[in-house]
Amino acid sequence: MGLASLTSKVLLSTSFLALAGLVCAVGMHSRVSSSDDRRLLVGQSIFVKEALRRELDTALRNDSVAEIEDVARRLARRAPTDEFPYEAALAVAYSEGNFAAADTFATYALMRQPRSLAGHLHMFSAYAERKEYDLLLRQFENLARLRSLDEELLTEALIGVFQDSGQWHFLLSYLDTEPKTGNLLLRRLLNEDVILLRLAKLVKKYPSVQAEFIDRIISEKGIEVAFSLWQTFASVPNKNEISIVFNGEFQTRAEPPPFNWTIPYDRAELQEDGGLFVSYPGTGFPLIARQVITAQSGENVLITQAIGRMHDNGGALEWRIRCLRTHVQLHTSVIELVSVSAAEEFEATFNIPDSECAFQAIELHGRPGVLPKPARVEIVSVSINGSPKDKH
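Everything numeric here is computed off the predicted structure, so don't read it as measured data.

## A short note on the sheet that holds strand 5 (residues 315-323)
For step 1, the next point in the chain: Here 4 strands make up an open sheet; going across it, the order is 3-8-5-6 and the pairing antiparallel. In this open sheet, the two edge strands, each paired with only one partner strand, are strand 3 (287-293) and strand 6 (329-335). Taking each pair of neighbouring strands and ignoring which way they run, the sheet shows an average axis angle of 20 degrees.
For step 2, the next point in the chain: The pairing of strand 5 with strand 8 (residues 360-368) spans 9 bridges and is antiparallel. Its bridge partner lying in strand 8, tryptophan 319 is registered against leucine 364.

## Notes on the pairing of strand 2 (residues 276-280)
For step 1, the next point in the chain: Burial along strand 2 is one-sided: the residues Leu276, Val278 and Tyr280 are buried and none of Phe277 and Ser279 is.
For step 2, the next point in the chain: Pairing between strand 1 (residues 268-270) and strand 2: 3 bridges, direction antiparallel. Following the sheet pairing, alanine 268 is matched in strand 2 by valine 278.
For step 3, the next point in the chain: If you look at the hairpin formed by strand 1 and strand 2, you'll find 5 residues sitting between the two strands, and glycine 274 has a positive phi there, around 100 degrees.

## Regarding helix 13 (residues 223-233)
Because an α-helix completes one turn every 3.6 residues, residues spaced three or four positions apart along the sequence face the same direction.
For step 1, the next point in the chain: Listing the buried residues of helix 13 in full gives Ile223, Ala226, Phe227, Leu229, Trp230 and Phe233.
For step 2, the next point in the chain: Looking at the buried positions of helix 13, the neighbouring elements they touch are helix 11 (196-203) and helix 12 (207-221).

## Points about the sheet that holds strand 1
For step 1, the next point in the chain: Spatial ordering of the open sheet is given by 1-2-9-4-7, a layout of 5 strands whose pairing is antiparallel. Here the strands that pair on one side only, and so sit at the sheet edges, are strand 1 and strand 7 (344-352). Strand-to-strand twist in this sheet, taken as the mean axis angle between neighbours without regard to direction, amounts to 25 degrees.
For step 2, the next point in the chain: Judged from the 5 bridges that link them, strand 2 and strand 9 (residues 375-386) form a sheet pairing that is antiparallel.

Quick notes on the rules
- Per chain, residue numbering runs from 1 following the sequence as it is written.
- Whole-chain, interface and lining totals are the exception, using all residues; otherwise, since this is a predicted model, local features are given only for residues with pLDDT of at least 70 and side-chain atom pairs are given and counted only at 80 or more.
- The side-chain figures draw on all heavy atoms in the structure; neither hydrogens nor water molecules are used.
- Two strands qualify as a pair provided DSSP detects at least 2 bridges between them.
- We count a stretch as a helix when DSSP gives it H or I for four or more residues in a row; a strand needs E for two or more, and each element gets its number in order from the N terminus.
- Helix axes are fitted to C-alpha atoms over the stretch in contact, other axes to C-alpha atoms as well, and angles between N-to-C directions run from 0 to 180 degrees.
- Categorising residues by exposure relies on relative accessible area from a 1.4 Å probe, with only protein chains included: less than 20% of the type maximum marks a residue as buried, more than 50% marks it as exposed, and the intermediate range marks it as partly exposed.
- Note on contacts: a residue pair qualifies if any of its non-hydrogen atoms lie within 4.5 Å across the two residues.

Structure below.
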């Protein structure tokens, strides 16, 4: 949304509120029970509205800010707690292009009613046009607190101002203060032509935006840069000790995919104390869980601990590992439980090629049975280590 569009939206909003003032005036007297009394109130409101408009039109035609302020003061004495005359005057002044007068009426409206949407919208527009970005951002906060406008619409208006000006550093500094609207603003900002690496420090403060940020980094900068930035988000004491399979105990953690688990299967969920519970009907090859890993080239060992109940030929689970760049499948191993009371461990060896396979995807899938029967399984942990001969 450009500045011209923003201004027209503000004008439409203030004009609408001015026209709606009669309804507000009647609403303030909703305790009146007689229909005749209601008609009387409506008639009085119309009369007052027309009288005020005549006075305001005269002052506006003279184009005298002093006269307009004088009219406003007299109105204040006649209606000391009513913001509607000033909202109406604001709409008229704005439509006439008398922005100094509009500022005055907006100020008076806000003095009478700090929640005046028309007043706040006008000041938002005025600060944008005058490029007073610190005041603009403060006004944005005021509007957000009112909860009278859709937050996404309000965010679009603010982003539109900075699209026109290119002064993104004001918005980035504002986001650094972690305002309540920060998640929405930063998520929207990811779609703009802002240097991504400038956002990295900010994104660390907003976990809910990190997954989208990492996805964009992957698409524009590559998986290597994305992993390096993701490590700055990881809440581990020593970044050099991040295991090959991150969060192998399936804890509920804030670090985003794809270097933490993605669990797209609607019959799988993380357990409160760790572990991945899976209810699999024994049909199809659903993707249950996925993570991007960085196993070293050479021989590696995949170790899984699981507990639960499976039926003979009823279906099982399987791990698949493939190179991320070439999509070459490197490994498939089956998890097929026998015991129903004790955890079982599964160990499988696989090799990573020396080239074009620095990153791999490890995926847990269902493996259908000959006679499908439901399986209820908890993957307690999964890890990847160098082979035993590499450890000596």
